[in-house]
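Reading the structure
So the chains spell out like this:
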Amino acid sequence: MPTAIAAGMRQTQKPSDNTDTQCTGQPAPEQEMTGFLSDLVQYQGLFRMVIVLGIGGTFQIGFQISTITYVSQHVKAFINETWLERYGYPIHQDNLLFLWSLIVSILGIGGLLGASGSRYLTVKYGKKKCLLCNNLLMITAASIMGCSKMSKSFEMILIGRFLCGVSVGFSTPLHHQYVGEISPRKLRGFANSTASFFWSLGKAVGQIAGQRELLGSQSRWPMLMASCGIPALVQLFTLPFFPESPPYLLMHKGDQEGCKKAIRQLWGEGHHQAEIDDIMKEKATVKNIKILSVLELMKEPAIRWQLYMIIILTASVQLCGINAIYFYTFEVLQAAGFEERMVYYMTLSIGLAELLATVVCSSIIERLGRKTLIRGGYFIMGSLLAVITVTLSLQDWYFWMPYCSLCLIILFVVVFGLGPGGATVSMRVEIFNLSCRPPAFVISSVFNWLGVFVIGTTFPFIVEGLKHFCFLIFIGVLFSSATFFHLFLPETKGKSIVEITEEFDKLNFRKKHVPATPNHVMEEGYTFCTRL
């Protein structure tokens, strides 16, 4: 039996069936490794496309978040020098703080604008074409920021950061949707969690490039800000070799041949019966094939609790305190009592720890489930922030207390990467069908970028005013979110979109509601699968 067909049979095999184990005599770990290697070969097209999407997707926002920390001192000095040269006197400290907070937070304004237009452009032109054009915008933004110093204009940094925000705000929801739609059910959790991995990878790469020995020096910081154009170039030249998502081609374009070709390119030659059945069931259960508008989605009573859930999931990520640590790592660590020369390397250790955590999350998400990781992660993060607040308050009492604060901050970031960081992305993709997903991600992205803007604008003043108690405002959010998800969030692990919708119908209609799936849908699915 060919390897690809054997891999397809393993997917439809019942968990209790241990015939293969008895026949081969291999212990379970060896069979898992064999299955992993088989999937790696069969789904190599999928894995390559996941990498390409990640480089031009969440990698970019992670890179932007981390590099702004390493250029902070240099950009502030550049603003002061430019102001002195223009007006003959140094800029007031309050005005400098305002301009710097605007440079940080304007990324969120651009992201809000980019996310708002993602639904309309995606429906009209498709995800692939939109991502290709979006890369040109990122390259333009990188060029503007790279020329800011030689032009002696800090306004160019503002313009470049704004355009970067538009670009990442547009590409991030497309990345999440695209990677979820091209993945088979058994790899869906893994593929969705890679969005969090590339986000962490972007931050880690930005932190490495931002070291003073590389691009984080006084003379090379414009090159660091302009280096975001490199990932855009990579995706611009590689994405044309990959297809649109199979569900999009079949459900919205009616292109069966294109869908079959995309499945073979991404999933290899094999038996993909379960995935075809899922697409056909989803096509039968939606009211119409057209993608809903944002207003239509908000008025739809059958999607009410899914909408509540994606808003609360997004708001929880923004208000859990993780972005405050990302944006103002230097200020937080200096408040913990560390010298400036040490802060650069400590920030790098935080980024690498989170990157490792997201790798682990990708391997455990299908075993533990999304709900467990989100709920448990927020409970632990709330407890850690409470302890961090205590250690920051006691840093002058004991010489080892700052190091304790650093370890707790690293642990906080690791728990986020293991739990909510990866599982939230997967959950947001899985709770909506293809017709509702684009407008749902517009709403989610609007809340996401509003949170980035608010945290980026207000947190430096919060640190200035509250000092050691700057994290208190996030603790209540963490425990409240964990309790809400424990009570209302359904588990999506191993379930099709139809099964997940049935779980939410119990909340939307306050009674068990199991929609019937016409028999002809299953027959059509089998017929379509045989033609693959």
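Computed from a predicted structure; not experimentally measured. (Residues numbered from 1 in each chain as written. Predicted model: local features only at pLDDT ≥ 70, side-chain atom pairs only at ≥ 80, totals over all residues. Heavy atoms only, no water.)

**Description of the overall build of the protein**
Applied cut-off: By definition, any uninterrupted DSSP run of H or I lasting at least four residues is a helix, any uninterrupted run of E lasting at least two residues is a strand, and each is numbered from the N terminus. Think of it in three bands: with a 1.4 Å probe and only protein chains considered, a residue is buried below 20% of the maximum accessible area for its type, exposed above 50%, and partly exposed in between. Note on areas: these come from Shrake-Rupley sampling with a 1.4 Å probe, and a residue is covered only by the protein chains present in the view.
Assigned secondary structure in the protein consists of 29 helices and zero strands. Expressed as a percentage of its 532 residues, the buried residues of the protein come to 57%. In the form shown here, the protein has an accessible surface area of approximately 21900 Å², with 66% of it arising from carbon and sulfur atoms.

**Topic: the packing of aromatic side chains**
By convention here, two paired aromatic rings are described through the distance between centres and the angle between planes. Quick reminder of the rule: Aromatic rings from Phe, Tyr and Trp, with only the six-membered ring used for Trp, were paired whenever their centres fell within 6.5 Å, and each pair was classed as stacked if the ring planes differed by under 30 degrees, edge-to-face if by over 60, and tilted otherwise. Two thresholds decide whether a charge sits over a ring: the Lys NZ or Arg CZ must be within 6 Å of the ring centre and within 35 degrees of the ring normal.
As enumerated under the stated definition, the model contains 14 aromatic pairs in all. Pairing tyrosine 378 with phenylalanine 485 gives two aromatic rings, centres 6.1 Å apart and planes at 25 degrees, and the pair type is stacked. Taken together, the residues span a long stretch of sequence, with tyrosine 378 in helix α23 (residues 370-393) and phenylalanine 485 in helix α27 (residues 472-488) at a distance of 107 residues. Ring centres of phenylalanine 484 and phenylalanine 488 lie 5.1 Å apart, and the angle between their planes is 45 degrees; on these two criteria the pair is classed as tilted. Of the two residues, phenylalanine 484 and phenylalanine 488 both sit in helix α27, four residues apart, roughly one turn of that helix. Accessibility expressed as a relative area gives 28% for phenylalanine 488, which makes it partly exposed. In this structure an aromatic cluster arises from ring pairing among Trp305, Tyr308, Tyr378, Phe484, Phe485 and Phe488. The ring of tryptophan 199 has lysine 203 lying over it, and the distance from NZ or CZ to the ring centre is 4.1 Å.

**Looking at helix α7 (residues 93-116)**
Here is the rule: Residue count minus one, scaled by 1.5 Å, sets the expected span of a helix. The angle between axes fitted to the seven residues ending at a residue and the seven residues starting there is what we call the bend at that residue.
Taking 1.5 Å of rise per residue, 24 residues should cover 34 Å, and α7 covers 35 Å from first to last C-alpha, within 8% of that figure. Residue valine 104 marks the point of greatest curvature in α7, where the axis turns by about 35 degrees.

**Overview of the packing of helix α4 (residues 44-56) against helix α5 (residues 58-70)**
As a reminder, the rule being used: To define axes, lines are fitted to C-alpha atoms, for helices over the stretch in contact only, and angles between the resulting N-to-C directions are given on a 0 to 180 degree scale. In this description, contact between two residues means that some pair of their heavy atoms is separated by no more than 4.5 Å. For this classification, Asp, Glu, Lys and Arg are treated as charged, while Ala, Val, Leu, Ile, Met, Phe, Trp, Tyr, Cys and Pro are nonpolar and the rest, including Gly, are polar.
Where α4 contacts α5, the axes come no closer than 3 Å and their chain directions differ by 35 degrees. Residues Gly54, Ile55 and Gly56 of α4 form the contact with α5, whose participating residues are Thr58, Phe59 and Gln60. Here the residues of the contact of α4 with α5 are counted per class, giving two nonpolar, four polar and no charged.

**A word on a nonpolar patch on the surface**
Convention followed: What makes a patch is a set of residues exposed beyond 30% relative accessible area and free of salt bridges, joined within 9 Å when like-charged and within 5 Å when nonpolar (Val, Leu, Ile, Met, Phe, Trp, Tyr). We count a salt bridge whenever a side-chain nitrogen from Lys or Arg sits within 4 Å of a carboxyl oxygen from Asp or Glu.
A cluster of nonpolar residues, Trp397, Tyr398, Phe399, Trp400 and Tyr403, forms a patch on the protein surface that exposes about 710 Å² of accessible area. Relative to the helices and strands, tyrosine 403 resides in helix α24 (residues 401-418).

**With respect to the nonpolar core**
Note the following rule: Throughout this description, the term nonpolar core refers to a set of buried Ala, Val, Leu, Ile, Met, Phe, Trp, Tyr and Cys residues connected via side-chain atoms within 4.5 Å.
In terms of nonpolar packing, the biggest core is built from 123 residues, with Val75, Met309, Tyr378, Phe412 and Phe471 touching the most fellow members. Among the elements that take part in this core, helix α11 (residues 155-181) stands out by supplying nine residues, more than any other. Excluding anything up to four places from it in sequence, methionine 309 contacts Ile431, Phe484, Phe485, Phe488, Leu489 and Phe504.

**Regarding the side chain of threonine 314**
On the secondary structure map, threonine 314 appears in helix α19 (residues 304-319). Of the residues examined, threonine 314 reaches a relative accessible area of 1% and is grouped as buried. Dropping the residues within four chain positions of it, threonine 314 is found in contact with Arg428, Ser444, Phe447 and Asn448.

**Section: the pattern of salt bridges**
Scanning the model with the defined rule gives nine salt bridges in all. One salt bridge connects glutamate 430 with arginine 370, and the closest N-O pair in it is separated by 2.6 Å. Taken together, the positions of glutamate 430 in helix α25 (residues 420-430) and arginine 370 in helix α23 put the pair 60 residues apart, joining distant regions of the chain. Accessibility assignment for this pair places glutamate 430 and arginine 370 in one class, buried. Across the salt bridge formed by glutamate 503 and lysine 495, the nearest N and O atoms sit 3.7 Å from each other. Residue glutamate 503 is classed as partly exposed on the basis of its relative accessible area of 27%. Linked through salt bridges whose partners overlap, the residues forming this network are Lys127, Glu181 and Arg437.

**Points about unusual backbone geometry**
For lysine 152, which is not glycine, the phi torsion reads 55 degrees and is therefore positive. By secondary structure assignment, the location of lysine 152 is in the loop between α10 (148-151) and α11. Residue class for lysine 152 comes out partly exposed when judged on its relative accessible area of 47%.

**Side note on helix α6 (residues 72-87)**
For α6, built from 16 residues, the straight-helix expectation of 22 Å at 1.5 Å per residue is met to within 8% by its first-to-last C-alpha distance of 22 Å. Residues Ser72, His74, Val75, Lys76, Phe78, Ile79, Thr82 and Trp83 constitute the buried set of α6.

**Notes on the environment of lysine 186**
Take lysine 186: it is sitting in the loop between α11 and α12 (188-209). Take lysine 186: its relative accessible area is 26%, and that puts it in the partly exposed class. For the pair lysine 186 and glutamate 366, spaced 180 residues apart in the sequence, the C-alpha separation amounts to 8.4 Å.

**Section: the environment of leucine 121**
Structurally, leucine 121 is set in helix α8 (residues 118-125). In this structure the C-alpha to C-alpha distance between leucine 121 and phenylalanine 170, which are 49 residues apart in sequence, comes to 9.6 Å. Once you skip the residues sitting within four places of it in the chain, leucine 121 turns out to touch Gly126, Cys130 and Phe170.

**Let's talk about the confidence of the model for the protein**
Which entries qualify depends on this criterion: pLDDT is defined as a per-residue confidence score from the predictor, taking values between 0 and 100.
Confidence in the prediction of the protein, expressed as mean pLDDT, is 79, and 81% of residues score 70 or more. Per-element mean pLDDT across the protein ranges from 39 in helix α1 (residues 3-12) up to 95 in helix α14 (residues 229-238). Residue range residues 512-531 is modelled with pLDDT below 50. Its contacts to residues more than four positions away, or to other chains, number 30 contacts.

**Things to note about the packing of α8 against α11**
Going by this rule: The cut-offs work like this: below 35 degrees is roughly parallel, past 145 is roughly antiparallel, 65 to 115 is roughly perpendicular, and the gaps in between are oblique. By the definition used in this description, the sense in which the near helix is turned from the far one sets the handedness, with an anticlockwise turn below a right angle giving left-handed and a clockwise turn giving right-handed.
Orientation of α8 relative to α11, taken along the N-to-C sense of each, is 60 degrees, at an axis distance of 10 Å. With respect to α11, the axis of α8 lies oblique. Once α8 is placed against α11, the crossing between them reads as right-handed. Contact residues: Ser118, Leu121 and Thr122 in α8; Phe170, Pro173 and Leu174 in α11. Its residues assigned to classes, the contact of α8 with α11 comprises four nonpolar, two polar and no charged.

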